[in-house]
Amino acid sequence: MGAAVCSAVVAAGVLLSFAAAGSVVDGVLDPTTRTVGLGRRAGRPVWETARLLRQRRRSTVAPDALLWRGGTAAPLVIALLMAAIIPAGATAAADPLVGVVWFNTLDVALWLIVWVAGWGANSVHALIGGYRFLAQALAYELPLMFALTAPAVAAGSLRISDVVARQHGLWFVVWMPVAFLAFLGAVAGFSLWGPLAYPAGRDIAGGVLAEPSGPDRLVLAAGRYALLAAGAGMATALFLGGGAGPMLPGWCWSVLKTAVVLVALVAVRRRLPVLRADRVMRLAWLVVLPATLLQLLAVSVIAVERS
Amino acid sequence: MVMSARLARWATRRPHAILAVAPAATAARLAVERELAALGGVVAVSAADADVLIVVGEPGDDLSAAIENVWRQLPGPRARAQILSADQARQALAVAVLHLGDEQQVREAAQRRDEWRPTDPAMGNDKGGHGDGGMQMPAGLMMADRGPDRDGLKLDVLQVPWGPVLADWPAGLVVDLTLQGDLVQRAEARVMPPAGSSSVPFWDADAGAQRRHRHAAAHLDSLGRLLAVAGWPGMAERVRRLRDGVLADGSTRELREELSRTGRRVRRARTLRWATDGLGVLTDDLVRQAGVSGPAARSVANGGDVTARWQCWLAEAERLLQPDAAVDEEGPRGRRAGDRPASAALLEAAQHLMAGVDVAAARLVLASFDPDPDELLAVTSAQVDD
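Reading guide: rules and limits
- Residues numbered from 1 in each chain as written.
- Chains lettered and ligands numbered in written order.
- Predicted model: local features only at pLDDT ≥ 70, side-chain atom pairs only at ≥ 80, totals over all residues.
- Helix = DSSP H or I, 4+ residues; strand = E, 2+ residues; numbered from the N terminus.
- Rg over C-alpha atoms; globule rule 2.2 N^0.38 Å.
- Buried ≥ 20, exposed ≤ 12 C-beta atoms within 10 Å, placed from the backbone.
- Contact = placed C-beta atoms within 7 Å.
- pLDDT = per-residue confidence, 0-100.
- Pairing = 2+ DSSP bridges.
- Axes fitted to C-alpha atoms, helices over the stretch in contact; angles between N-to-C directions.
- Core = buried A, V, L, I, M, F, W, Y, C linked by C-beta atoms within 7 Å.
- Right-handed = clockwise from strand over helix to strand, strands pointing away.
- Expected span 1.5 Å × (residues − 1).
- Arc of directions from axis to C-beta.
- Parallel < 35°, antiparallel > 145°, perpendicular 65-115°, else oblique.
- Left-handed = near helix turned anticlockwise from the far one by under 90°.
- Bend = angle between axes of the 7 residues up to and from the residue.

Novice: Provide a residue-level description of the overall build of chain A, including the pertinent values.
Specialist: Of regular secondary structure, chain A possesses 12 helices and 0 strands. From first element to last, N terminus to C terminus, chain A shows the α and β order α-α-α-α-α-α-α-α-α-α-α-α. Taking 19 Å as the expected radius of gyration for a compact globule of 307 residues, we find that chain A reaches 19 Å, a close match to that expectation. Counting across all 307 residues of chain A, residues that qualify as buried make up 57%. A sequence separation of at least 24 residues applies to 80% of the contacts in chain A between residues at least 6 apart.

As structure tokens, then:
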């Protein structure tokens, strides 16, 4: 029992460290603040945390306070629950039989959470942001589900440790690149990140980010980075062989690979235009979804052959 | 005490500033954008996100009232500054940030309650006549009216003003939207005038080559704003740096090369095309009806959509920076027809094309016309409302 609590605390600590590191990388790579020095840019999580801790928590006219505060805090909770099953090397806080389903369930919960965060503030811009998230989720969710299915089919198991073990000798990314890319796209989607930050768009004053201030905003912003970090960790376990690698210990490889994926995800921010959900829906359903289905078919055939 | 002083120092390293820009203060606005970036600050997108309110120029009564409304919504600790001319920007910003770090600020913020004005039209409660008197909602709000939408359903109708304090938005412009969901049913634009008298619009000032460079910078300013609205802040920043370069140095070789590199990147961006293709199509009829001239009218030949308009800005900026380019007779937004400036026609066309599309598309349509409020000052509000 004590060990379980201990490993859960470690997982949470690792996730939050990755979230903070993601923010540092974001500050360093941010193409809009080249005029200030490197140290100033890299310190972004410190400045922003101090700023938001010092800031007053503000309200709006007649908000649905419970849903609004709940919706702003919950993305971080979801990310923590995801982190619980992400292995570092051979160890994870938990390794349930249905690990892949656990991850999928949590990301679907974000549909409600982000919508509620937008709706609860009783503000037009936030409300539109909430609805935009639903539209966007409609585009990425099915490709994500099939992308998650591919490694599970190949491993013949929904348990994350089995999926990692099955990649011995050949990482899944090599023979399921489409699923890997669809997965990364969906991670950006549920983290409201980069080209998929449509629900938090500048054109609607930040959308779901329009109204929270102070600690609320801090928790929401941390939740975004944490979701991104959890997605990167999961991509490592499902597609990049987890802790497999020469010389270094397993956990070290997990951390390194996760860091690389996280940096790649962070780097696309601000460098691509936002994809509007109504415009990319056709792309998602006519190109990405069939592509992930074909990927799944290929994976299934190979899995049957191999067994 | 030491701890809170350190927290304050850290907290002011990356101040978020919301800009409230009055018309006829473009030079000051450009200086504020530049100095804020040099300070390590960022432009806030909403009042909740802001620590500093920067009033640029001299707002008139209406605009001042709107700005006070925004000021009340800043969570605090908060500071404000008014910047009337470009050379004040650096010092005024530094003072505001210093003030932000004051310990008094935290105490003041803790005691403050959010105040709301129940008569504020922003809350959508000032339209009666639907027989739902007595249906008082909490906080004195009324239920939204309902009306038929394009699919034959009855949906809530919201009256929402856009602007005048909004990121990447023309100075002092207000667009009163009638929204159903995120669909714009009606858009009516007006400009809140500044306190002082108007002068020659910034983008059309000077003569000869300088005036030509101003025009090129005007197109780059418009393009930067459009890219920001399209959610591409990295490229928006690059275009704005080009704009500042052109205003400072005119047409140098490095700037021309950088512009052609930037132009290639923007033209190649397929995802930008997805967002702007086929949107807000300006037809010959509408050109005549609204009296549109300038780049917007010239882009009709290339399809007349948002894409055609931003491509036209890019092409004209490239042309105007050629050393031997001719100086245009007309302003960057087009010809003045009698006492009706080119931007009045742009605004009319924009508000016509904003109706019937969703909020994201409507903002792109408006940004693709980018009417210049500095030009609009000479007209009465009745003409603009037309």
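Having seen the structure, we can now continue with the description.
Novice: Can you tell me about the overall build of chain B, naming the residues and giving the values?
Specialist: Helix and strand counts for chain B stand at 16 helices and 8 strands. When burial is assessed residue by residue, chain B has 51% of its 386 residues classed as buried. For chain B, long-range pairs separated by at least 24 residues make up 70% of all intrachain contacts whose partners lie at least 6 apart in sequence.

Novice: Break down the environment of Arg34(B) for me, citing the residues and quoting the values.
Specialist: With respect to the helices and strands, Arg34(B) occurs in helix α2 (residues 26-38). Taking the C-alpha atoms as reference points, Arg34(B) and Arg240(B), 206 residues apart in sequence, are found 9.6 Å from one another.

Novice: Describe the interface of chain A and chain B, naming the residues involved and giving the relevant values.
Specialist: With 47 residues of chain A at the contact, the number on the chain B side is 51 residues. Secondary structure elements with two or more residues in the side of chain A that touches chain B: α3 (44-54), α6 (124-155) and α12 (277-306) of chain A.

Novice: Please give an account of the confidence of the model for chain B that cites residues and values.
Specialist: For any part of a model where pLDDT is low, the fine detail of the predicted coordinates should not be relied upon. Residues and elements named next belong to chain B. With 88% of its residues at a pLDDT of at least 70, chain B reaches an overall mean of 84. Low confidence marks residues 118-136, where pLDDT is under 50. Its contacts with residues over four positions away, or in another chain, come to 20 contacts. In this model residues 379-386 is a low-confidence stretch, pLDDT under 50, and it forms 17 contacts with partners more than four residues away in sequence or in other chains. Scored by ipTM, the complex comes to 0.89, with pTM at 0.89.

Novice: Residue-level account of the confidence of the model for chain A, with values.
Specialist: With 99% of its residues at a pLDDT of 70 or more, chain A has an overall mean of 89. By mean pLDDT, the top-scoring element of chain A is helix α9 (residues 177-190) of chain A (94), and the lowest-scoring one is helix α2 (residues 38-42) of chain A (86).

Novice: Got a sec to walk through the sheet that holds strand β4 (residues 79-83) of chain B? Specific residues and values, please.
Specialist: Residue and element names in this part refer to chain B. Pairing is parallel across the open sheet formed by 4 strands, whose spatial order is β2-β1-β3-β4. What marks the edges here is a single partner per strand, and that holds for β2 (42-43) and β4. In this sheet, β4 lies alongside strand β3 (residues 52-56) in parallel orientation, the contact comprising 5 bridges. Looking at the pairing, Leu53 lines up with Arg80 of β4. Docked against the sheet, helix α4 (residues 89-100) engages β3 and β4, running at close to 170° with respect to β4.

Novice: Give me the nonpolar core: which residues, what numbers.
Specialist: Ile54(B) and Val56(B) are the most contacted members of the largest nonpolar core, which totals 214 residues. Not counting chain neighbours up to four residues away, the residues in contact with Ile54(B) comprise Ala17(B), Leu19(B), Ala20(B), Val32(B), Ala81(B) and Ile83(B).

Novice: Now, about the pairing of β4(B): what can you tell me, with residues and values included?
Specialist: With 4 of 5 residues buried, β4(B) is to be regarded as a mostly interior element. Running through helix α3 (residues 61-73) of chain B, the crossover from β3(B) to the neighbouring parallel element β4(B) is right-handed.

Novice: Describe unusual backbone geometry, and please don't skip the residues or the numbers.
Specialist: Negative phi values dominate among residues other than glycine, just as trans dominates among peptide bonds. Between Gly163(B) and Pro164(B) the backbone carries a cis peptide bond, its omega angle lying at 0°. One can find Pro164(B) in the loop between β6 (154-162) and β7 (173-180). A positive phi is found at Asn122(A), a non-glycine position, where the angle reads about 55°. With respect to the element layout, Asn122(A) can be found in the loop between α5 (99-119) and α6.

Novice: Can you explain α4(B)? Please cite residues and give values.
Specialist: Residue and element names in this part refer to chain B. Taking 1.5 Å per residue as the helical rise, α4 with its 12 residues ought to reach 16 Å, and the 16 Å between its terminal C-alpha atoms agrees with that figure. For α4, the set of buried residues is Ala89, Ala92, Leu93, Ala96, Val97 and Leu100. Axial view of α4: buried residues confined to an arc of 135°, hence all on one face. Summarising the geometry of α4, the exposed residues directed more than 90 degrees from the buried face are Gln91, Val95 and Leu98. For α4, the elements touching its buried residues are α2, β3, β4 and α5 (103-111).

Novice: Please set out the environment of Ala42(A) residue by residue, giving values where relevant.
Specialist: All names here are of chain A. Within the element layout of this structure, Ala42 appears in helix α2. We classify Ala42 as partly exposed; it has 15 C-beta atoms within 10 Å. Once the C-alpha coordinates of Ala42 and Ser23 are considered, the two residues, 19 residues apart in sequence, prove to be 8.1 Å apart. Those residues within four positions of Ala42 in sequence are excluded, and the remaining contacts are Val24, Gly27 and Val28.

Novice: Let's hear about the packing of helix α6 (residues 208-229) of chain B against helix α12 (residues 306-320) of chain B: which residues, and what values?
Specialist: Residue and element names in this part refer to chain B. Where α6 contacts α12, the axes come no closer than 9 Å and their chain directions differ by 150°. In this view, α6 runs roughly antiparallel relative to α12, as classed from their interaxial angle. Judged by the sense of rotation from one axis to the other, the crossing of α6 with α12 is left-handed. Listed contacts from α12 to Arg212, His215, Ala216, His219, Leu220, Ser222, Leu223 and Leu226 of α6 are Trp310, Trp313, Leu314, Glu316, Ala317 and Leu320.

Novice: Outline helix α4 (residues 65-83) of chain A, listing residues and values.
Specialist: Residue and element names in this part refer to chain A. Given a rise of 1.5 Å per residue, 19 residues ought to cover 27 Å, and the 28 Å separating the end C-alpha atoms of α4 matches this to within 8%. Of all the bends in α4, the greatest reaches close to 35° and is centred on Ala74; the proline Pro75 follows between one and four positions later. For α4, every residue scored as buried is listed here: Trp68, Arg69, Gly71, Thr72, Ala74, Pro75, Leu76, Ile78, Ala79, Met82 and Ala83. Tucked inside the fold, the buried residues of α4 contact α1 (2-29), α5 and α10 (214-239).

Novice: Got a sec to walk through the environment of Gly245(A)? Specific residues and values, please.
Specialist: Residues and elements named next belong to chain A. Topologically, Gly245 is positioned in the loop between α10 and α11 (250-267). Overall, Gly245 belongs to the partly exposed group, with 16 C-beta atoms counted inside 10 Å. Measuring from C-alpha to C-alpha, the distance between Gly245 and Val288 comes to 31 Å, with 43 residues separating the pair along the chain.

Novice: For the packing of helix α7 (residues 233-249) of chain B against helix α8 (residues 253-268) of chain B, give the residues involved together with the corresponding values.
Specialist: Residues and elements named next belong to chain B. Direction vectors running N to C along α7 and α8 enclose 155°, while the axes themselves pass 11 Å from each other. With respect to α8, the axis of α7 lies roughly antiparallel. Between α7 and α8 lies a crossing of left-handed hand. Residue-level contacts link Met235, Arg238, Val239, Leu242, Gly245, Val246 and Asp249 of α7 to Leu255, Glu258, Leu259, Thr262, Arg265 and Val266 of α8.

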